[in-house]
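# Structure at a glance
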Amino acid sequence: MSRVCAVTGKKALSGNRRSHSMRASRRKWNVNLQKVKVMVDGKPQRIRISARALKTLKAQQNG
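Residues numbered from 1 in each chain as written. Predicted model: local features only at pLDDT ≥ 70, side-chain atom pairs only at ≥ 80, totals over all residues. Heavy atoms only, no water.

## Some thoughts on the pairing of strand β2 (residues 24-29)
In terms of strand pairing, strand β1 (residues 13-18) meets β2 through 6 bridges, oriented antiparallel. If you follow Arg 18 over to β2, its bridge partner there is Ala 24. In this antiparallel pair of consecutive strands, β1 and β2, the connection spans 5 residues, and Met 22 shows a positive phi of 70°. (Pairing = 2+ DSSP bridges. Helix = DSSP H or I, 4+ residues; strand = E, 2+ residues; numbered from the N terminus.)

## Some details on the pairing of strand β4 (residues 43-50)
In the sheet, strand β3 (residues 33-40) pairs with β4 via 8 bridges, with the strands oriented antiparallel. Note on β4: the bridge partner recorded for Lys 37 is Arg 46. Remark: 2 residues form the turn of the hairpin made by β3 and β4, two consecutive strands paired antiparallel; Asp 41 in that turn has positive phi of roughly 55°.

## Re the nonpolar core
Cys 5, Val 31, Leu 33, Val 36, Ile 49, Ala 53 and Leu 54 form the largest nonpolar core, which has 7 residues in total. Within the residue set of this core, elements represented by two or more residues are β3 and α1 (51-62). The contacts of Leu 54, once residues within four sequence positions are left out, are Val 36 and Ile 49. (Core = buried A, V, L, I, M, F, W, Y, C linked by side-chain atoms within 4.5 Å. Buried < 20%, exposed > 50% of the residue type's maximum accessible area, 1.4 Å probe, protein only. Contact = heavy atoms within 4.5 Å.)

Take a look at the structure:
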């Protein structure tokens, strides 16, 4: 399963890991994905959603 948010489409970012001597090697920042049950077209579905998108959805439901 790929590390992509089902709502926002956010993916992992890549960049450099820097040592004390500033040598560069590649690294990755993964998305904070959570498995959540969400109603999609009136049916409960389990999707992988980023924590930021989950926070936004919860705020829209309560507000």
